[in-house]
Amino acid sequence: MPARRASSAPAAAPPEARARARVRVLLPLPLEGPYDYRRASGEALAAGDIVLVPLGGRELAGCVWDEADEGVEEVAAARLRDVRRRLPAPPLPEALRRFVNWVAGYTLSAPGAVLKMVLSVPDALEAERPITAYAAAEDAAAKGRAVRMTAARSRVMAALAAGPPRAASELAREAGVSPGVVAGLARAGLLQAVTVAPPLPFARPDWRRPAPRFSPDQAAAAADLAAKARDGGFSVTLLDGVTGAGKTEVYLDAVAAALRAGRQVLVLVPEIALTAQWLGRFEARFGAVPVEWHSDLTPAQRRLAWRAVAEGKARVVVGARSALFLPFPELGLVVVDEEHDASFKQEDGVVYHARDMAVVRARIEGIPIVLVTATPSLETVTNVAAGRYQCLRLPERHGGARLPDIHVVDMRADPPPRQHWLSPALRAALGETFEAGEQAMLFLNRRGYAPLTLCRRCGHRLDCPNCTAWLVQHRSRGRLLCHHCGLTTALPEACPRCGEADSFAACGPGVERLGEEVSALFPDARYGIMTSDTLTGPKAAAGFVRRVERRELDLVIGTQMVAKGHHFPLLTLVGVIDADLGLAGGDLRAAERTYQLLAQVSGRAGRAQRPGRVFVQTYMPEHPVMGALVSGDRDRFLEAEAAARRAQGMPPFGRLAAVIVSGPKEGAVIAAARALGRGAPRAPGIEVLGPAPAPLARVGGRYRWRLLVKARKTLDIQTPLRRWLGPVTAKGGVRIKVDIDPYSFL
């Protein structure tokens, strides 16, 4: 990090100004370190204060990182510019500033880029605007005798007598009158206007409400987690329970203990759009919903949430991975639900894994963290085996429900008819389920109608002009979509290669095509499709969940969204259409991820009193993933995965870093990648593979090449990467991105 930088002043400052103390301010920009500024005369600033400073011709909010040492400055005091003012926002806690520095160092990112994720709501840094409220005038009783008091007016005065001053709209709503009645009382002098702070829109969770009745295993786990939340101190605990074991209720007991101790709580979830049932459980336990944090909030909602967190008024926050960078002043517990989920990996901007960084934040804060899942990641399992993490197990489903029976359907021996996708065994099971008045779920991890559209005459495939990818047909929209860059276009009337009209054929199934087949087989079955295309946000997802709960749907068809945390008591059948889909390609975690996904989606069946069945359609029934699903022997499968990775020195038994070179001109990208390859570090314990074109060689019009750095587990991989990449200056629109601990190899 540079020791000294300054935002140059247009002219030399007078001698008396040069004598003022300077401060170092980190700005939320991709800068390598803080800039020096001069403290305004008479203003006391401390590390963590959020200030407004000039930069070039604009003003930016930044954070005082520390005071500059006047004895070693490299920038003349005369060149420094003054801090404009301190903003009326709570200072960033010291632990959060340490966390920003740690994340920047680990991910090889500019500290300012990490700070930008903390100061993500600039509007929240200014003071809240007060609102006008109304209270009863001191002489209201006397004036009331001279004014005709209608029943409506009397209700307003009675409402004010029972509580604090309220805004006119709130007062009218509470008294059941029109706003004009309140205005009339104010004109008559019975009400006086007062200025108050806006009411907090978040109710405080009540930790005193009783917990649900626990099984012995649940009670033991809940007591352990509650004690850690009560006593504080850093610890990492894996809550490992089968699907339907009641893990949420168990860790909510730890949330209650943290609230009782006067601390804030952060719960990270992989898909905020899928938290409808979770929010219902939380409200039932605490009598209020938590503060939500995700990208679908309006600017006003984000401002209120950020400010409430920073002021300590938001006691529990549930959010997506970005919630990890909120400025909690009293954080006492972190929970990472579905810790195995790949959605916790941030691929754009600062590249990080929220689960791993959450563990780091908990360590810096000195607080407990709970990792929750039915299918733990190999990284977490390895940390448990090494004694770095503790583990609590819930081996049984709650309330006497049992795990579903899993049937592997060999599609080579029991194939569906041509141009159909449901095997005879699964068709029969669907018919039996609908006949019994129960619900079913079909899982296929392909959005849209068909993954490929080609010309019957010449074989031309419709692909994206910006990406190395096929266009996916979405008949519900009447469009072709690229799932990588977002391009959307209409299906051509004629083949662009041979000119044949109406010659296109849809190849392969997507969820929409699956729905078409189900409608033909079971015309009376009511089905809904659950994908990121059809459910755009938490409200849409909550509405879909309510439809399932109210039995308005007999069948749910969906992508991986259906695998995450849903509890539908009447859902007794799950069909996996293409279980082999995730096993292709060179991803080192392909088998692990496929097992996790299939085990999670299987766990949606039979979660209440009615037994569940799962039909897994595969062309590789002998694959270890299928064997582990049928046997239920997850631990043996993970042991085999660990042995294979250990032998190859792959994570979690080795270190990886990806270096991705991209740009709009292929030649410049190739030249830059090859130059990097020639200068790659060569030292014992480190190996650089590549450069080579990325499997997705072009995305969004940018060409991509990759290098993969492989190192021993004990090696500090960041140091050689800094020495290698630090002096490199990319030109011609070329960008170089570093991904420490990559999860995607595309």
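For the structure itself, consult the block above.
Residues numbered from 1 in each chain as written. Predicted model: local features only at pLDDT ≥ 70, side-chain atom pairs only at ≥ 80, totals over all residues. Heavy atoms only, no water.

A closer look at the sheet that holds strand β21 (residues 479–481)
Within the open sheet, the three strands sit side by side as β20-β21-β22. Their pairing is antiparallel. On the outer flanks of this sheet lie β20 (472–474) and β22 (488–489), each paired with one strand and no other. One ladder, built from three bridges, connects β20 with β21; its direction is antiparallel. Opposite Val472, over in β21, you have Leu481 as the bridge partner. (Pairing = 2+ DSSP bridges. Helix = DSSP H or I, 4+ residues; strand = E, 2+ residues; numbered from the N terminus.)

Quick word on unusual backbone geometry
Cis peptide bonds are those with omega within 30 degrees of zero, and the linkage from Pro651 to Pro652 qualifies with 5 degrees. Relative to the elements of secondary structure, Pro652 occurs in the loop between α19 (634–648) and β28 (654–663). Despite not being glycine, Asp502 shows a phi value in the positive range, around 50 degrees. When you line up the elements, Asp502 lands in the loop between β22 and β23 (504–507).

A closer look at the side chain of Gln218
Its place among the elements puts Gln218 in helix α8 (residues 216–231). Given the relative accessible area of 3%, Gln218 is considered buried. From its side chain, Gln218 meets the backbone oxygen of Gly246 in a polar contact 3.4 Å long. Sequence-distant contacts of Gln218, that is, excluding residues within four places in its chain, are made with Arg213, Ala245, Gly246, Val250, Leu394 and His398. (Buried < 20%, exposed > 50% of the residue type's maximum accessible area, 1.4 Å probe, protein only. Polar contact = N/O pair within 3.5 Å; in protein donor to acceptor, adjacent residues only side chain to side chain. Contact = heavy atoms within 4.5 Å.)

Structural notes on the environment of Val194
Within the secondary structure, Val194 sits in strand β7 (residues 191–196). Between the C-alpha atoms of Val194 and Gly448, which are 254 residues apart in sequence, the distance is 56 Å. Residue contacts for Val194: discarding those within four places in its chain leaves Ile131, Thr132, Ala133, Tyr134 and Pro165.

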